[in-house]
Amino acid sequence: MKLNRILAGLAGILSFSSVYGASISAPSSSRHGPKVEGRQSTAVCSASDATYSSQKIPAGQYTDWGALGLDDVTSGQQFVTIVNLTPHRFKLDSTHSYQMDKFDWGDIPSGRARQNSVYYTTRLTANPVDTGGEAYYSIEGTSKKFEIRATTHIPDTYWRRTVIDLSAMGLGQREYLDPRAEVPVTLVITGSDSHGFMASLTHGSGNWMKQMYDVIKDRPLQHLVMPGTHDSGMSTISGEIVSIGSAANTQTQGLNLYDQLRVGARWFDLRIMSVHQSDTTDYAFWVAHVNDENSDIPIGNTGESLTDVISEINRFTSENPGEIIFLKLRYLIGIKRLPGGAIRWDEGIANNFFTELKKINNRCGNLDTATPFQQRPASYFMDQNDGSGCVLFLLDTSNIPSGVPSTSPSDGIYPASVMAVTDHWSDLSTTQPVAEDQIATWSAINRASPFTNDRFLIAQWLVSADALQTTALTIQNIAIMPTNPALYWAGVNAMSPTKWPNVLLVDYIGVVITDQFAWNQLSAELYTLAIGLNLYMLSENCDVSAQRSPLLPSATASTSAAKLALQNIAPSWNGIIFANGTVLDDPPAGLHFGRVEVLKNGTVFGNGTVLERDVRNPHL
Ligand SMILES: *[C@@H]1O[C@H](CO)[C@@H](O)[C@H](O)[C@H]1NC(C)=O
Ligand SMILES: *[C@@H]1O[C@H](CO)[C@@H](O)[C@H](O)[C@H]1NC(C)=O
Ligand SMILES: *[C@@H]1O[C@H](CO)[C@@H](O)[C@H](O)[C@H]1NC(C)=O
């Protein structure tokens, strides 16, 4: 009986992997859906089950770049972006606010995002310490509810704060610092009532691909979505070369490779050079970022050592086997510590470099390259190394002289040409044109049968400002204030089941407040977005996913396995994270941090009613 049920589940290919299920692969004949009559027929993707909404969403507003350079931004405006990657509508039940010139919230339909807008009054007669408001949502067709609170903490540096309260869903509460005026705080929710929800307040387990094995295993790599990092190894400035690259204008990440992997990144842009002392036979390999690696006097700096990169990746894969990790390596040329011209690699340097790369575990040697990698299903890579997955080296060898060894496929070190990639860099200097250019690029690919222009697309969601502006504002602030948050309203609302990029490549992944790089200070927007796009958005495209969307209620016995998988990605936790980093794992029942007790005379309700006396908050 039990075996029959397992087989039925496999035939239906609608189960998530159970804890050990990832090592069981479905018969290949089931790829195009089961040919079984009766209840299993519900296991097939059907266009009529789609829940994605194409409802028009109010336009959002880009952060004012001009104001970014100023310390005393006077704008009273804050934004809270909510992303809904579930088959249910998020319905706004009620709001109330005090001393807000605007408190604009609304429903978020399935598959869409809304940038809600909150205007702290700048009226001089107001007593600003009391300014605040609350928005109450329910998830339609379920018993689930959540709340968002705008709060004030004068005289703290970060005096506007947003509390996201998902405690009624069992997903905790978190107090976010509003990074500054006009910079959104973001909430991403995915999952479903039948299979459980997860949200962006915390990062879950590191092995999100393996946890979703049954959802993604048959999809070619060009039908996956994953976070990626730009100039991945520049998470520190190590100063191995004498140049003028500083943290402000050269550091692109706040987390090392191990933490980037834990926050979900799978595509890495690594630029590696041999750095030579005056005796050029004395050298070591470093990640670097320079304006031109072939120039006599490159401007830039070095980041992590290759040794550290390797041990960080090995640490992650030993803890989280089963993922596909893409290491795109570039530069591959020598540089002198003191300016003095590029050094092309000879056989000795190249061989030493390969000796280093071979220290990476879970390499995948001798893969079949007859089919381009982007067209191979995820399971082809995830099943390698007895299910421990692949760390794939893809080398841009253009700087390696001919005659010098440049790849070693038997060791899993491949030329980048084994995988056709459209790596789209906008090279534009502010957020809005970059966003519009990236959106136009992924919108031009129609991910529907017969897939005439299908491809693996890297969307570089990052700004390339000029050197002066970058140095003044810092790459970090340009990333985390105007640029990354725009992905969740402008970017998401330009995605659909047939429109999306494969890699969302960012600077400063996981970071939401300047220089806050500790684990509990990070936020899981990109992690949750990538999981939700694979789980929800792409599953609603029957040309991409033959199986019934894993988030819809299932007719077979696999529901509990699906629930388990979602819980494994985002373990159940109903605590509170405060903005100062303090975490309360078991808060007292009924504690809703930041909820006001008394609604003051003058409080405005969403329906327009204005209070004429103080009343107790009815939600207490
Ligand atoms: C952090 O903030 C919380 C809530 O305001 C407070 O109870 C706690 O004492 C603070 N912890 C520290 C270490 O300041
Ligand atoms: C407006 O909402 C408040 C709070 O929910 C409620 O007490 C009041 O009766 C409502 N007013 C109207 C006109 O519906
Ligand atoms: C509420 O505020 C209004 C406007 O300031 C004032 O006229 C009114 O007396 C207040 N009501 C009470 C009960 O204090």
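Quick look at the structure, then. This one's a predicted model, so the numbers in the text were calculated from it and none came from an experiment. (Residues numbered from 1 in each chain as written. Chains lettered and ligands numbered in written order. Predicted model: local features only at pLDDT ≥ 70, side-chain atom pairs only at ≥ 80, totals over all residues. Heavy atoms only, no water.)

## Points about helix H13 (residues 475-483)
Here's step 1: By the criterion of burial, H13 is predominantly enclosed, with 9 of the 9 residues buried.
Here's step 2: The complete set of buried residues in H13 reads Ile475, Gln476, Asn477, Ile478, Ala479, Ile480, Met481, Pro482 and Thr483. (Buried < 20%, exposed > 50% of the residue type's maximum accessible area, 1.4 Å probe, protein only. Helix = DSSP H or I, 4+ residues; strand = E, 2+ residues; numbered from the N terminus.)

## A few points about the side chain of Thr186
Here's step 1: Of note, Thr186 is situated in strand S9 (residues 185-192).
Here's step 2: A residue is classified by how much of its surface remains accessible, and Thr186, at 3% relative accessible area, is buried.
Here's step 3: Filtering out sequence-adjacent residues up to four positions away, Thr186 remains in contact with Thr81, Ile164, Ser200, Tyr488 and Glu525. (Contact = heavy atoms within 4.5 Å.)

## Concerning the site of ligand 1
Here's step 1: The full set of residues close to ligand 1 is Phe578, Asn580, Thr582 and Phe593.
Here's step 2: Here an oxygen atom of ligand 1 sits 2.4 Å away from a polar atom, N or O, in the side chain of Asn580.
Here's step 3: Alone, ligand 1 offers 360 Å² of accessible surface; in the complex the protein occludes 37% of this.
Here's step 4: Of the residues in the shell around ligand 1, the class split is 2 nonpolar, 2 polar and no charged. (Near = heavy atom within 4 Å. Polar contact = N/O pair within 3.5 Å; in protein donor to acceptor, adjacent residues only side chain to side chain. Areas by Shrake-Rupley, 256 points an atom, 1.4 Å probe, with all protein chains shown as cover. Nonpolar A, V, L, I, M, F, W, Y, C, P; charged D, E, K, R; others polar.)

## Considerations on the site of ligand 3
Here's step 1: Every residue near ligand 3 is listed here: Asn601, Glu612 and Arg613.
Here's step 2: The contact in question runs from an oxygen atom of ligand 3 to an N or O atom on the side chain of Asn601, over 2.3 Å.
Here's step 3: Its free accessible area being 360 Å², ligand 3 has 23% of it covered by the protein chains.

## Side note on the nonpolar core
Here's step 1: In this structure, Trp267, Leu327, Leu329, Phe353, Phe373 and Leu529 are the most contacted members of the largest nonpolar core, which totals 111 residues.
Here's step 2: For this core, the leading source of residues is helix H14 (residues 525-537), giving 8 residues.
Here's step 3: Domain assignment of the residues forming this core places at least three in each of domain 1 (76-218 + 521-599) and domain 2 (219-511).
Here's step 4: Residue contacts for Leu327: discarding those within four places in its chain leaves Phe268, Leu270, Ile313, Ile360, Val391, Leu392, Phe393 and Leu394.
Here's step 5: Residues Tyr120, Ala135, Tyr137 and Ala150 belong to the second largest nonpolar core, which totals 26 residues. (Core = buried A, V, L, I, M, F, W, Y, C linked by side-chain atoms within 4.5 Å. Domains from an automatic or database assignment.)

## Observations regarding the sheet that holds strand S6 (residues 145-152)
Here's step 1: One open sheet holds the 8 strands; their spatial order is S22-S21-S8-S7-S6-S5-S2-S24, and the pairing between them is mixed. Edge positions in the sheet fall to strand S22 (583-584) and strand S24 (604-605), since each has one partner strand and no second. (Pairing = 2+ DSSP bridges.)

## Some points on the pattern of salt bridges
Here's step 1: Within the structure shown, the criterion is met by 23 salt bridges.
Here's step 2: Of the charged contacts, one joins Asp107 and Arg89 as a salt bridge, the two residues approaching to 3.0 Å between their closest N and O atoms. You can see Asp107 sitting in the loop between strand S3 (100-104) and strand S4 (113-120) and its partner Arg89 sitting in the loop between strand S1 (77-85) and strand S2 (90-98), a full 18 residues away along the chain.
Here's step 3: Linking Glu356 and Lys359 is a salt bridge whose minimum nitrogen-to-oxygen distance equals 3.0 Å. (Salt bridge = Lys/Arg side-chain N within 4 Å of Asp/Glu carboxyl O.)

## Focus on the state of the cysteines
Here's step 1: By the definition in use, this model includes 2 disulfides.
Here's step 2: Disulfide pairing is shown between Cys45 and Cys542; the S-S distance is 2.1 Å. One disulfide, between Cys45 and Cys542, carries an S-S torsion of -75° and so falls in the left-handed class. Here Cys542 lies in the loop between H14 and helix H15 (559-569) and Cys45 lies in the loop between helix H1 (2-12) and helix H2 (65-68), a separation of 497 residues in the sequence.
Here's step 3: A relative accessible area of 13% places Cys45 in the buried class.
Here's step 4: Among the residues examined, Cys542 registers a relative accessible area of 27% and is labelled partly exposed.
Here's step 5: Across the disulfide from Cys364 sits Cys390; the S-S distance is 2.0 Å. Around the S-S axis, the bridge from Cys364 to Cys390 shows a dihedral of about -105° and counts as left-handed. Of this pair, Cys364 sits in the loop between helix H8 (347-357) and helix H9 (378-382) while Cys390 is found in strand S16 (residues 389-395), placing the two residues 26 residues apart along the sequence.
Here's step 6: Judged by relative accessible area, Cys364 falls into the buried class, the value being 2%.
Here's step 7: Taking the relative accessible area as the measure of exposure, Cys390 reaches 1% and is therefore buried.
Here's step 8: Shown here for the protein is a disulfide pattern of 1-4, 2-3, where each number marks a bonded cysteine counted in sequence order. (Disulfide = S-S within 2.5 Å.)

## What to know about the packing of aromatic side chains
Here's step 1: Within the structure shown, the criterion is met by 20 aromatic pairs.
Here's step 2: Ring centres 5.4 Å apart and planes at 75° place the aromatic pair Phe90 and Phe146 in the edge-to-face group. Here Phe90, found in strand S2, pairs with Phe146, found in strand S6; they are 56 residues apart in sequence, far enough to count as distant. Neither residue differs from the other here; Phe90 and Phe146 are each classed as buried.
Here's step 3: Through a chain of ring-to-ring contacts, the aromatic side chains of Phe90, Phe103, Trp105, Tyr137 and Phe146 assemble into a single cluster.
Here's step 4: We note Arg160 situated over the ring of Tyr120; from NZ or CZ to the ring centre the distance is 4.9 Å. (Phe/Tyr/Trp six-rings, centres within 6.5 Å; stacked < 30°, edge-to-face > 60°. Lys NZ or Arg CZ within 6 Å of the ring centre and 35° of its normal.)

## Things to note about the pairing of S16
Here's step 1: Of all 7 residues that make up S16, 7 are buried, and the element is covered over most of its length.
Here's step 2: Every second residue of S16 is oriented toward a common face, with Gly389, Val391, Phe393 and Leu395 on one face and Cys390, Leu392 and Leu394 on the other, all of them buried.
Here's step 3: Bridging between strand S15 (residues 323-336) and S16 involves 7 bridges; their strand directions are parallel. When the sheet's bridge partners are listed, Phe326 is paired in S16 with Leu392.
Here's step 4: The pairing of S16 with strand S17 (residues 413-415) spans 3 bridges and is parallel. Across the sheet, Phe393 pairs through a bridge with Ile413, a residue of S17.

## A closer look at the sheet that holds S4
Across a sheet, strands are paired by hydrogen bonds formed along the backbone, either parallel or antiparallel in direction.
Here's step 1: Judged by pairing direction, the sheet is mixed, and its 5 strands sit side by side in the order S3-S4-S1-S9-S10 without closing on themselves. In the strand order of this sheet, the two ends are held by S3 and strand S10 (196-199), each with one partner. This sheet shows a mean twist of 15° between the axes of neighbouring strands, independent of strand direction.
Here's step 2: Two strands pair when backbone bridges link them, and S1 and S9 are joined in this way by 6 bridges, in the parallel orientation. By the bridge assignment for S9, Asn84 is matched with Ile189. (Axes fitted to C-alpha atoms, helices over the stretch in contact; angles between N-to-C directions.)

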